[in-house]
Amino acid sequence: MAADLADGLIERDVAVVSGAAYGIDGAAHRAALAGDGITVAVLAGGIDIPYPAGHSALLLRIARHGLVFTEYAPGVRPARHRFLTRNRLVAAVAGAVVVVEAGLRSGAANTAAWARSLGRVVAAVPGPVTSSGSAGCHVLLRNGAELVTRADDIVELVGQVGELAMEEPRPVTALDGLGEAARQVYDALPSRGAVTVDEISVASGLVPEQVLGPLAILEVAGLAQRDCGRWRIVRPGSGRAAATVRLV
């Protein structure tokens, strides 16, 4: 999820800031670099002491293509209290802090607390309610954090005024394009067998004259079929009639 969000953000020219730690930090940095985006790593020690050591090569790549910085002098070793201080800088240089995963007590939750105190936007990704790794995210959401599940959601939070997230694609069926009257008539058709216009009128609550037009629309859309003066339903995808017109 961290990699997906970072990849989507750099596509929109949004820089990714993190702390170069194992796990989510590293995933976000790597995704940003893979997409030729800008990523920033904030260290909890001197600039000459790559930490964690296993991310030495990653930090070198970030330094070449993005930015690595720290508030500590060269030679200062990382320490627990310095990581908490580092989180302050992560929150300060970013427009929003997005917590992808966090326990009830975690560095990510600490970064979110710093972000709130600095007036930054705080967002969180929800996870399984049974996962201790998402418990911190759920607490943040309950306390007012923005819920995000995709990069567009984050861009909407940190972008320019009026820059809104694109609406998520939703499954579309032939029924989605029906007007209110056509929907009433469709719902009035029985699941089995055929009925007369008068029977449809009673079931739909419309007078017979108001039923004929919607029936014609349903027939053109392949959702209803006339059978010897009576009408029967055609389920979408049933193959009983071919829908050749897409209602808009």
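Scroll up to find the structure this text is about.
A short tour of the structure in this document, coming up. (Residues numbered from 1 in each chain as written. Predicted model: local features only at pLDDT ≥ 70, side-chain atom pairs only at ≥ 80, totals over all residues. Heavy atoms only, no water.)

Moving on to the packing of aromatic side chains. Enumeration according to the criterion identifies 1 aromatic pair in this entry. When the centroid spacing of 5.6 Å and the interplanar angle of 50 degrees are considered together, the rings of Tyr51 and Phe83 count as tilted. On the criterion of sequence distance, the pair formed by Tyr51 in the loop between β2 (39–42) and α3 (56–65) and Phe83 in helix α4 (residues 80–93) is long-range, its members being 32 residues apart. For Tyr51, a relative accessible area of 41% translates into the label partly exposed. The lysine or arginine in question, Arg82, covers the ring of Tyr72, its NZ or CZ lying 5.4 Å from the ring centre. (Phe/Tyr/Trp six-rings, centres within 6.5 Å; stacked < 30°, edge-to-face > 60°. Helix = DSSP H or I, 4+ residues; strand = E, 2+ residues; numbered from the N terminus. Buried < 20%, exposed > 50% of the residue type's maximum accessible area, 1.4 Å probe, protein only. Lys NZ or Arg CZ within 6 Å of the ring centre and 35° of its normal.)

As defined by bridge partners, strand β7 (residues 224–227) adjoins strand β8 (residues 230–233) across 4 bridges and the pair is classed as antiparallel. Residue pairing in the sheet places Ala224 in a bridge with Ile233 of β8. Here β7 hands over to β8 after 2 residues, with Cys228 in that stretch at a positive phi of 55 degrees. (Pairing = 2+ DSSP bridges.)

This paragraph deals with the side chain of Ser134. By the element assignment, Ser134 lies in the loop between β5 (121–124) and α6 (135–142). Those residues in contact with Ser134, other than ones at most four positions away along the chain, are Glu101, Ala102, Gly127 and Pro128. (Contact = heavy atoms within 4.5 Å.)

Those residues of α3 that sit buried are Leu58, Leu59 and Ile62. The buried residues of α3 occupy an angular sector of 95 degrees when projected down its axis, which confines them to one face. Those residues of α3 that are exposed and angled more than 90 degrees off the buried face are Ala57 and Arg64. Among the structural elements, α2 (24–34), β2 and β3 (67–69) are those in contact with the buried residues of α3. (Arc of directions from axis to C-beta.)

Attention shifts here to the environment of Arg12. Mapped onto the fold, Arg12 is located in the loop between α1 (2–11) and β1 (16–18). Measuring from C-alpha to C-alpha, the distance between Arg12 and Val155 comes to 7.9 Å, with 143 residues separating the pair along the chain. If near-sequence neighbours (up to four positions away) are discounted, Arg12 is found in contact with Ala151, Asp152 and Val155.

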